[in-house]
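Listed below are the residues making up each chain.
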Amino acid sequence: MAVALLGALPSAFGAATSACTATSYAGIANVKSCTSILLKGPFTVPANNVIDLTGLKSGTTIQITGTITFAKGTLDKTNDLLTIGGSSITVDGTGGILDGSGPSYWDGLGANGGVNKPKFIRLKIASGTFKNLKVVNSPIHTFSVSASSSLTISGVTIDNRGSKQSLGHNTDAFDVSSNGITVTGATVFNQDDCLAVNNANVVNFTNNNCDGGHGISIGSVKTGSTVKSVTVSDCNISNSDNGVRIKMYNDATGANIDTITYKNIALSNIAKYGIVIQQDYTNSGATGTPGTKSPISNVILTNIHGTVQSSGTNVYILCGDCSKFTFSQIAITGGKAASCKGISPKPTG
Ligand SMILES: *[C@@H]1O[C@H](CO)[C@@H](O)[C@H](O)[C@H]1NC(C)=O
Ligand SMILES: *[C@@H]1O[C@H](CO)[C@@H](O)[C@H](O)[C@H]1NC(C)=O
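Let me sum up the structure you'll find in this document.

Rules behind the numbers
Residues numbered from 1 in each chain as written. Chains lettered and ligands numbered in written order. Predicted model: local features only at pLDDT ≥ 70, side-chain atom pairs only at ≥ 80, totals over all residues. Heavy atoms only, no water. Near = heavy atom within 4 Å. Polar contact = N/O pair within 3.5 Å; in protein donor to acceptor, adjacent residues only side chain to side chain. Areas by Shrake-Rupley, 256 points an atom, 1.4 Å probe, with all protein chains shown as cover. Disulfide = S-S within 2.5 Å. Helix = DSSP H or I, 4+ residues; strand = E, 2+ residues; numbered from the N terminus. Buried < 20%, exposed > 50% of the residue type's maximum accessible area, 1.4 Å probe, protein only. Nonpolar A, V, L, I, M, F, W, Y, C, P; charged D, E, K, R; others polar. Core = buried A, V, L, I, M, F, W, Y, C linked by side-chain atoms within 4.5 Å. Contact = heavy atoms within 4.5 Å. Pairing = 2+ DSSP bridges.

**What to know about the site of ligand 1**
(1) Moving on: Every residue close to ligand 1 is listed here: Thr182, Asn204 and Thr206.
(2) Moving on: The side chain of Asn204 places a nitrogen or oxygen atom 2.3 Å from an oxygen atom of ligand 1.
(3) Moving on: For ligand 1, whose free accessible area comes to 360 Å², the fraction covered by protein is 34%.

This is the structure:
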């Protein structure tokens, strides 16, 4: 009896494992209720379909191996190709790849026009980790973090260079509108913001490499939004439009950016601004006239160093209502001299 029971064990485990492994898009519906899910590529998600992994059981682990490709379709920016939601969730890419077919959408217009483009990955995870995944070719935004808390994203590689260099507009790496988010150990090649914190408390962006995009940004912050307690540390920003960037919409009211720290940031080959803090932002460009109804306060910049192209500007600040800026060890060279308007006393350092 005992022998027979032992003999039965391996096949019982085998059955349990395969029951929670999806090897095709159609198979995903069958594994959603498991607490240990394996998405085993290669497979393709057909055009105009999305993977919905919301409502997962608490404590679920998802592993992804091989490549999962999302075929080009016609979904617009209100859609996400992959959504993961639940509490106490661990996503371990174990080196898997998600491919969003970005270059077949890219037309240089991003979310502002041209063909419809979906966002790629939305995380709605309370208390969890997302790690070791490679994400390539996002149609527009790569990671949107919303309705999440206590989430750590680590060891992720994002490559949105694609075959159509310069046309991948709005391929932001991490858009964060949630509290208690850490992003660490990311390697990003993209064509827009590496980080954009839009409406969030307590964000920690540390030990990341950003190449080819628009810099590490707070904002753009709009009417009614608050960004508070963000720490960006030990990051490299290369071949990008900007390095350190804080942007408030010029017409924002009741918005607030407070307690922002950037430290140990290395810049190289920055095209526009090494450091830019502006309250005159609009989606279609800066107005030159900063707003005064939404303050930026307690900005600490320490050890920000590196190079800007000669046509760029090392440091640019245009404020309508800014206070308590503390700068130290700022060593940015190569571009035009610093321009600092609308803050008194002027930050030194
Ligand atoms: C940010 O995250 C890193 C890596 O997890 C950690 O070492 C560091 O203490 C965190 N910093 C803050 C301000 O939370
Ligand atoms: C930033 O670049 C330096 C010099 O190349 C390197 O030593 C460091 O590890 C890089 N930082 C990250 C977060 O990869």
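**Thoughts on the state of the cysteines**
(1) Moving on: Counted by the stated rule, this structure contains 3 disulfides.
(2) Moving on: With a sulfur-sulfur separation of 2.1 Å, Cys20 is cross-linked through a disulfide to Cys34. As the torsion about the S-S bond is roughly -80°, the Cys20-Cys34 disulfide counts as left-handed. Note that Cys20 is positioned in the loop between α1 (2–19) and β1 (21–22) and Cys34 in the loop between α2 (28–31) and β2 (36–40), a separation of 14 residues in sequence.
(3) Moving on: Residue pairing for Cys319: its cysteine sulfur links by disulfide to Cys322, the two sulfurs lying 2.0 Å apart. Across the S-S bond of Cys319 and Cys322 the torsion is about -80°, and the bridge reads as left-handed. Cys322 shares its class with Cys319; the two are buried.
(4) Moving on: Going through the protein in sequence order and numbering each bonded cysteine, the pairs you get are 1-2, 3-4, 5-6.

**Regarding the site of ligand 2**
(1) Moving on: In the vicinity of ligand 2, the residues found are Asn207, Asn208, Asn209, Asp234 and Asn236.
(2) Moving on: Contacts to ligand 2 include Asn209, whose side-chain N or O atom sits 2.5 Å from an oxygen atom.
(3) Moving on: For ligand 2, the accessible surface in isolation is 360 Å², of which the surrounding protein chains cover 37%.
(4) Moving on: Taken together, the residues of the shell around ligand 2 sort by class into no nonpolar, 4 polar and 1 charged.

**A look at the nonpolar core**
(1) Moving on: In this structure, Ile84, Phe174, Phe205, Ile216, Tyr262, Ile304 and Phe325 are the most contacted members of the largest nonpolar core, which totals 88 residues.
(2) Moving on: Per-element accounting of this core gives the leading share, 6 residues, to strand β21 (residues 256–270).
(3) Moving on: Those residues within four positions of Phe325 in sequence are excluded, and the remaining contacts are Ile277, Ile296, Val299, Ile317, Cys319, Ile343 and Pro347.

**What to know about the pairing of strand β13 (residues 174–184)**
(1) Moving on: As paired elements, strand β11 (residues 143–154) and β13 share 9 bridges and run parallel to each other. Within β13, the position partnered with Val145 by the bridge is Val176.
(2) Moving on: Direction of pairing for β13 relative to strand β15 (residues 195–197): parallel, over a ladder of 3 bridges. Bridged to Val176 within β15 is Val197.

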